[in-house]
Structure formats: structure tokens, C-alpha cells
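# Observations on the model geometry
Residue strings, one per chain:
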Amino acid sequence: MYFDMAKAVIDAGLGENIAVTDSRINFRIADLSDGNEAPWVAGRPVLFPLKAAFDADSTWDAPWELTKGPQAGIDYYSTLMAEFPKLKKSPEASQWMQAVATTMVRYVFTETYYKKSNNGFVLKYVTEDGSAASHLVPFASPEFGDEEFRPFMDICYLPVEPPIACEEGNLVIYDINADTYIVKDGSVHGAEEHLLVGNSGWDGNSRTLIDFDMSTINDAIELFDDTQSVYLRMWYEGAEMAKPYNDPRQMERTLAAHKITKSWSEELATNKIATSYGTRNNQWGSEMMGDLTDYDSEVISADTIQEGEGPHNFYLNLTSVFREWKDYTASDYGILLKDNQREDVPGYFLKFASNNHQDPTKRPYLMVCQKKVSCEPVDEPPRVVYDDDNCVSAENVTFNSCVAKNGGCEMNDKAENYGNFAFGVSALWDSHHELVSFCKCCVEKETQPMAAIPMDCSDVEGKSDYDNESLVEVVSCACQECKEVSQERKKRAAPSKTRLLLRSALKSMLRK
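Notes on the structure follow. (Residues numbered from 1 in each chain as written. Predicted model: local features only at pLDDT ≥ 70, side-chain atom pairs only at ≥ 80, totals over all residues. Heavy atoms only, no water.)

## A closer look at the state of the cysteines
Evaluation of the coordinates by the stated rule reveals 3 disulfides. Paired by a disulfide, Cys166 and Cys369 hold their sulfur atoms 2.1 Å apart. Disulfide Cys166 to Cys369: torsion about the S-S bond roughly 90°, handedness right-handed. Placement of Cys166 in the loop between strand S6 (152-159) and strand S7 (170-175) and of Cys369 in strand S19 (residues 365-370) is noted, with a sequence separation of 203 residues between them. Grouping residues by exposure puts Cys166 and Cys369 together as buried. Paired by a disulfide, Cys402 and Cys477 hold their sulfur atoms 2.2 Å apart. Between Cys402 and Cys477, the S-S dihedral sits near -90°, and the bridge is therefore left-handed. Residue Cys402 is located in strand S22 (residues 400-405), and its partner Cys477 is located in strand S27 (residues 472-484); the two are separated by 75 residues in the primary sequence. Classification of Cys477 as buried rests on a relative accessible area of 14%. (Disulfide = S-S within 2.5 Å. Helix = DSSP H or I, 4+ residues; strand = E, 2+ residues; numbered from the N terminus. Buried < 20%, exposed > 50% of the residue type's maximum accessible area, 1.4 Å probe, protein only.)

Structure (C-alpha cells):
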């Protein structure tokens, strides 16, 4: 079955840029008795998202990989699901059943690389003991006569207004490296699903630490804007009281980001300890981290969460400190997030999804608006030209060549981060060890003859001066060019020495 979620939000006057807060799928049990009197096997209907699209002509055999109906992990995601209530006996006709589909729907609308295509769902009855189902469970279909009883989906959402549109740049999402929160309990919280900021009254104040691994970010990238290109996005889940629930007053809190100046570890950090080296603990300058000793007092970015606000995306502008870390990665210890307004005043904790949250679409990440990678002709330094007979150009000649900019064609980097550029040369062999194709990144696409270059042959015996019209200049470049090089073979063959040498040469080019 298929629910056109994208069309639904567009019909509501929105684009697909939404944050899903809740979603429910509803089915009505149909009145269809098959006369089966066998004992009912307890279980529940479960909805799984399909990996590939289906259509009205789909059958039990097609389009599934093994032609045996949709298979878990092959044709549909088996770890992502919406479960309906358990059925211990045959359900009554006209009964409505509902499943929570929030996580599945968030995968469709997320802007991260966890995004999945909406290819529809497979509805399957999963028994409690893993045995075969004993009965069919009839549901009203989308073609049911009375529209009121057809399946429907509810989606609760918030319109998302990203802090950067990045329409002319390339918006890239980077995962964070580590996170934790510290509170005056002496415990490590680095493996928990949530991050806390604020003051609950009973536990006192709490602060959050977030780290970024700048070594994973290509040094060659250029930010689209020097002041508003990098934002930390966090998912705010709401306010929470600390046990034993002394019911403090919820209040407005202004959260500010500060640069951390000391190394720390999410596996070890507490309100007193930053990390450890061998058997020696490396303490914070003071409990809960000290100003100047553990973090910079200057506020990088700040935003306010009002009293009573519900779940939403929370953004902080980290462009300035990102630029600093990019130029000098050794200074990257991440940021401290604290309440700069009323940290000492008891109130609810503000709760955010951490990097360990079970729903990956809620985890924190960096949004970076980069200049688009490009492959353009660039002039080389002027130089004299010699021909095969050693005649020399009467003046310097300016040649050009194709050069990748802003992170294209970089070794040891992920091509998908830069508009699907590949670096260097890549090659593909078939099952007969034949080279099928090879691709090279940033190559000449179009050239044209240069203006005639006067050549001086006075030092070459028997040759007169002449105008060299054989030189060319690059007019345009291609980001990637692939060539098919193999021909069909009638039988399988072991790789020849020549082919092995070619493959070795290409691998060597990749390693350089």
C-alpha cells in the first residue's frame, strides 16, 4: 500500500521541509469471514517500509528480488516498523486499529543521509511465537466503497525554516563526534539518549558538551558565507522535571554556546572529571567546568526557548568557531551549551536528543553551506614553449588546465559529500577480469586552437622561424568522464599479465 505523504503536505500549502512530531496509521477491520475455525494464533499486524516502488501490476513474484513475495531485509526494512495492537483473538468487524508511524515518516522527510524514499509499505501479520499465521486479517482497502472507512494516515508536523537556504551553495550534513551532559551527581551520561540543559531544582544545573571531528571534513572546502554558513541543529523534545519531582516552575531559558578549551571524553566526563590519561584523571578547572580554565567566556551563538514550547528544531550559528577549527584542528574540543540567563534558578531541564538517540533523524548534526565543487579551466604561469626540434617560442605562452575547486577530486574523502565527484581515477572490471570502464575526475571537455605562436629557430640548424598553430587551450571541463573500454568475450579467461599490470597501475594512482 502507498500513502502519498509528499503530496499531502504540498496540498496543505507546505513544501517537504517539515519536522514530523507524530504520525498514526489507521485501518478498519472489514467484515470478511473465511469460515476458518482453527485456533487463533496471537500476533499483531506490522507495517514495514518497502525498499523499492511497486505498482498495481505487482504480484507475489514481482517485483521482489527472490520472486517469493517481499522478503525482510531484501525488499523491505525489517528494523523499521509501525506495530498495531496485539490480537489475541479474532478481531471484530468494523473495529479500528492504529499504529504509531512517527519514526518511519521522519525518515521520509529528514534532510539527513538517513532519508528514505517513500516507496509504500508491506503489511504483515507477525505472530507472537514466530509460527505461521492461522487466519487472514481483513482490512478495508483504499478502494473500499465508503470513503469514511478507508485507511488513512495522520501526520502532525511543524513547518521548518532552516537558518540557511543554501540555494546557490551545496548544503552538507556532518555528524557530530561525541556528546554528553554533566550534572552534579558524579555520573557519566555519555551513553544516554538525551542531553539536558538548565536547572531542575533537585539535581541543580546541567550543561551539555558536544564535539566535532574536524579531521573528517575536507580542508579544501570553502564556506559559502563567512558569517552564516555553519549551524548546529538539535532536536528539542521538551522540558523535563528531575526526580523526585519537586515541581519547580518552568521558565524561559536562553541557551548559549561557548568554545571548550580542554580535551574531554564522553565515556569519562562528569561534573568534576574531563577525561583521563592512564590511571590519572584530568580534572576540570572547577566543578561543572570553569570559565577561562575549561571554556571560553565569549558566547559563540545563543537562542531562547520559551516557557511551554513543544518539540522543534533548535539551531545555533557556529560559523566563526568552525572556521577557526578548520584552520587549526588541534583547537577543536567542541562547544559547551549552558543557560546563560537563569542557570542558578530552579526550573525544568530542557531535553534534547543525543547522538545515541534510537531515532537517528533526531540526533544532532552540523549543517554546512559550502561553495559548490567545480572543475574549471585555470591559467598556468606563463612559460616558453619548445617544439620537437628545440625551436623556442618568441614570447611566454599561457596554457591552462582543468582544476577542481572547493573539495572536488580529493583523495581519502567521500565522493557523496561533494556532489558525487570521484577523485583520481576509478575503474570497473567484469567477471572475466576484463576492464569495463574507467573514470577520471576533472578532465578536459572541450578545447580550441590557440592563436599562432611565433617560434624562434635561429639556434636550430636547417630550420626557419615559423608560426606554431598546433597548440590548444581548454575551453571547458567535465567533472567526471567515463569511457567504456572492453569488448564482449565469449568465454571466461584468467587475467593476463598486461591486465594485471593495468589494474595495479590504476590502484597505484588511487593511492597517490
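## Topic: the pairing of strand S10 (residues 205-211)
By the criterion of burial, S10 is predominantly enclosed, with 7 of the 7 residues buried. Burial along S10 is two-sided: the face carrying Asn205, Arg207, Leu209 and Asp211 and the face carrying Ser206, Thr208 and Ile210 are both buried. The pairing of strand S8 (residues 178-183) with S10 spans 6 bridges and is antiparallel. Bridge pairing in S10 places Ile182 opposite Arg207. Where strand S9 (residues 194-199) meets S10, 2 bridges bridge the pair, whose relative direction is antiparallel. When the bridges of S10 are listed, Asn199 appears paired with Asn205. In the sheet, S10 pairs with strand S17 (residues 335-339) via 3 bridges, with the strands oriented antiparallel. When the sheet's bridge partners are listed, Leu209 is paired in S17 with Leu336. (Pairing = 2+ DSSP bridges.)

## Some words on helix H2 (residues 102-109)
Where burial is concerned, most of H2 is hidden: 7 out of the 8 residues are buried. Among the residues making up H2, those that are buried are Thr102, Met104, Val105, Arg106, Tyr107, Val108 and Phe109.

## Remarks on the sheet that holds strand S1 (residues 18-28)
Strands pair in a sheet through their backbones, by hydrogen bonds, and they do so in one of two ways: parallel or antiparallel. In space, the 3 strands of this open sheet follow the order S4-S1-S6, with antiparallel pairing throughout. For this open sheet the edge positions go to strand S4 (96-100) and S6, each flanked by a neighbour on one side alone. Shown here is a sheet whose adjacent strand axes are inclined to one another by a mean of 20°, direction ignored. As judged from the 5 bridges shared by S1 and S4, these two strands associate in the antiparallel manner. Within S4, the residue paired with Arg28 across the bridge is Trp96. (Axes fitted to C-alpha atoms, helices over the stretch in contact; angles between N-to-C directions.)

## Describing the nonpolar core
Membership of the largest hydrophobic core comes to 30 residues, with the highest contact counts inside it found for Phe212, Leu232, Leu318, Phe322, Phe352 and Leu366. In terms of residues, this core owes the most to one element, strand S11 (residues 230-240), which gives 4 residues. Ile25, Leu47, Ala99 and Phe109 belong to the second-largest nonpolar core, a separate cluster that totals 26 residues. (Core = buried A, V, L, I, M, F, W, Y, C linked by side-chain atoms within 4.5 Å.)

## Here's the deal with the sheet that holds strand S25 (residues 453-456)
Spatially, 3 strands are ordered S21-S25-S26 in an open sheet, and the strand pairing comes out antiparallel. The strands lining the two open edges of the sheet, one partner per strand, are strand S21 (392-393) and strand S26 (466-468). Note that S25 and S26 share 3 bridges and pair antiparallel. Note on S26: the bridge partner recorded for Ile453 is Asn468.

## Concerning the packing of aromatic side chains
Scanning all chains against the criterion turns up 11 aromatic pairs. Relative to Tyr76, the ring of Phe48 lies with its centre 4.9 Å away and its plane at 40°, an arrangement referred to as tilted. Taken together, the residues span a long stretch of sequence, with Phe48 in strand S2 (residues 43-49) and Tyr76 in the loop between S2 and strand S3 (82-83) at a distance of 28 residues. You can call Phe48 buried: its relative accessible area is 6%. What links up through ring pairs into an aromatic cluster is the set Phe27, Phe84 and Phe139. If you follow Arg106 out to its NZ or CZ, it ends over the ring of Trp235, 4.5 Å from the centre. Directly above the aromatic system of Tyr77 lies the positively charged group of Lys116, at a separation of 4.3 Å from the ring centroid. (Phe/Tyr/Trp six-rings, centres within 6.5 Å; stacked < 30°, edge-to-face > 60°. Lys NZ or Arg CZ within 6 Å of the ring centre and 35° of its normal.)

Just distances and angles here, no functional claims.
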